[in-house]
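Chain residues, written in single-letter form:
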Amino acid sequence: MPYAVVSALSHPGLVRDRNEDSLVAGPWTLCATVTENPQTLVFPLGTPLVVAVADGLGGHPGGHVASALVARRIAAAGPGLDGEDAVRDAVDECNRALHAAGGGAGGEYATMGTTVAGVVLRPGSLLVFNVGDSRVYAAGRDGLRLLSVDDRPPPDSAWGRTHLVTQCLGGGAAYRPVRAHVTARPLSAGDRCLMCTDGLTDPLPDDVIDGVMREHDDGRAAFELWKAAVTAGGPDNITLAVVRVADE
């Protein structure tokens with residue numbers, strides 16, 4: 001049976017007072033924690049395996065609450081994520097749960113919100129999903145390729161370069177539906193992917209990320225990516241997971 005090696009790390013960076021990111025790998029979650037050394041886990045690929053990151057919205061109360069809620073619900077739903085519709089349904093349920101937990105207008109966390117980006121691995125296939133601007137990359141011999149879709153205004157819009165997202169989970173007192181980006185791809189032994197919050201991708205251009213992924217394996221790559229983001233100023237929370245598929 002093939003298996004997946006997941007090396008994950010979550011850190012507040014150098015500017016933020018609190019880590020509002022969360023991460024899920026199978027049944028395991030990291031929520032608003034601090035790790036400077038990657039945690040590496042190995043999972044057999046039988047039932048669907050979900051690996052994802054969630055970035056609580058800065059400037060909104062309860063960002064850490066929102067990302068943790070989504071990470072835990074995605075972890076619980078993971079074994080049942082056997083197709084694109086199941087993934088979309090799970091993301092929709094997370095969105096509804098956030099609005100319910102926020103308590104509506106006047107609630108302490110009425111506007112809490114989060115992004116989410118991740119993969120569901122099954123033997124021979126990969127489902128990529130996201131809402132917001134956290135990202136999923138394929139990191140193969142042909143270089144780094146973005147697999148997720150950024151929910152951000154285009155760079156040439158009136159907003160310019162901005163942290164504004166055009167859709168997220170939660171984020172307002174009134175319920176707003178979301179449409180998760182979900183795509184299916186083939187998966188084979190040797191494939192690697194990276195999922196991360198914008199605390200990694202904002203300070204580091206893709207060519208730097210690509211260089212680290214080419215030079216290092218698994219946990220070392222996760223550590224070197226974190227170190228590069230911190231060296232670049234660490235302006236936001238940094239959460240990432242490197243996933244590699246291997247033969248039995």
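Scroll up to find the structure this text is about.
Note that this is a predicted model, so its numbers are computed, not measured.

Visitor: Where do I start with the side chain of T114 in this structure?
Guide: Inspection of the secondary structure assignment puts T114 in strand β6 (residues 113-114). Within the local environment of T114, its side chain forms a polar contact with the backbone oxygen of D55, the two atoms lying 3.1 Å apart.

Visitor: Even after reading the chapter, I still don't get helix α5 (residues 218-231), so can you show me in this structure?
Guide: Think of an α-helix as 3.6 residues a turn; residues three or four steps apart then line up on the same face. Helix length check: α5, at 14 residues, gives a terminal C-alpha distance of 20 Å against a target of 20 Å (1.5 Å per residue), a fit within 8%. Among the residues of α5, D218, G219, A221, A222, E224, L225, W226, A229 and V230 are the ones counted as buried. Backbone geometry just downstream of α5 places G233 in the positive-phi region, at approximately 120°.

Visitor: Explanation requested: helix α2 (residues 84-102) in the structure shown.
Guide: End to end, α2 covers 27 Å across 19 residues, agreeing with the expected 27 Å (1.5 Å per residue, within 8%). Within α2, burial applies to V87, A90, V91, C94, N95, A97, L98, H99 and G102. Contacts made by the buried residues of α2 are with α1 (63-77), β6, β7 (116-122), β8 (125-131), β11 (169-170) and β12 (181-186). Taken from the residues just after α2, G103 is the one with a positive phi, measuring 85°.

Visitor: Quick question: what am I supposed to make of the packing of α1 against α2 here?
Guide: The angle between the axes and the distance between the axes are what describe a pair of packed helices. The N-to-C vectors of α1 and α2 enclose an angle of 140°; their axes lie 10 Å apart at closest approach. When the axes of α1 and α2 are compared, the pair comes out oblique. The two elements α1 and α2 meet at a crossing, and its hand is right-handed. Taken together, the residues of α2 that come into contact with α1 (itself represented by A66, L69, V70, R73, I74 and A77) are A90, E93, C94, A97, L98 and A101. Counted by class, the contact of α1 with α2 contains 10 nonpolar, no polar and two charged residues.

Visitor: What is the right way to read the packing of helix α4 (residues 206-215) against α5 from this model?
Guide: Relative to each other, α4 and α5 sit at 150°, their axes nearing to 8 Å. The orientation of α4 with respect to α5, classified from their angle, is roughly antiparallel. Taken as a pair, α4 and α5 cross one another with a handedness that is right-handed. Along the contact surface, α4 presents I209, V212 and M213, while α5 presents A221, E224 and L225. Class assignment of the residues belonging to the contact of α4 with α5 gives a composition of five nonpolar, no polar and one charged.

Visitor: Looking at this structure, I do not really get the pattern of salt bridges. What am I missing?
Guide: Between side chains of opposite charge, pairing is possible as soon as their charged atoms come close. The tally for this structure, following the rule as stated, stands at 14 salt bridges. Between D218 and R244 there is a salt bridge whose closest N-O contact spans 2.8 Å. In this pair, D218 is assigned in helix α5 and R244 in strand β14 (residues 238-246), connecting sequence segments 26 residues apart. Judged by its relative accessible area of 10%, D218 falls in the buried class. The closest approach of N and O atoms between E224 and R220, which form a salt bridge, is 2.7 Å.

Basis of the calculations
Residues numbered from 1 in each chain as written. Predicted model: local features only at pLDDT ≥ 70, side-chain atom pairs only at ≥ 80, totals over all residues. Heavy atoms only, no water. Helix = DSSP H or I, 4+ residues; strand = E, 2+ residues; numbered from the N terminus. Polar contact = N/O pair within 3.5 Å; in protein donor to acceptor, adjacent residues only side chain to side chain. Expected span 1.5 Å × (residues − 1). Buried < 20%, exposed > 50% of the residue type's maximum accessible area, 1.4 Å probe, protein only. Contact = heavy atoms within 4.5 Å. Axes fitted to C-alpha atoms, helices over the stretch in contact; angles between N-to-C directions. Parallel < 35°, antiparallel > 145°, perpendicular 65-115°, else oblique. Left-handed = near helix turned anticlockwise from the far one by under 90°. Nonpolar A, V, L, I, M, F, W, Y, C, P; charged D, E, K, R; others polar. Salt bridge = Lys/Arg side-chain N within 4 Å of Asp/Glu carboxyl O.

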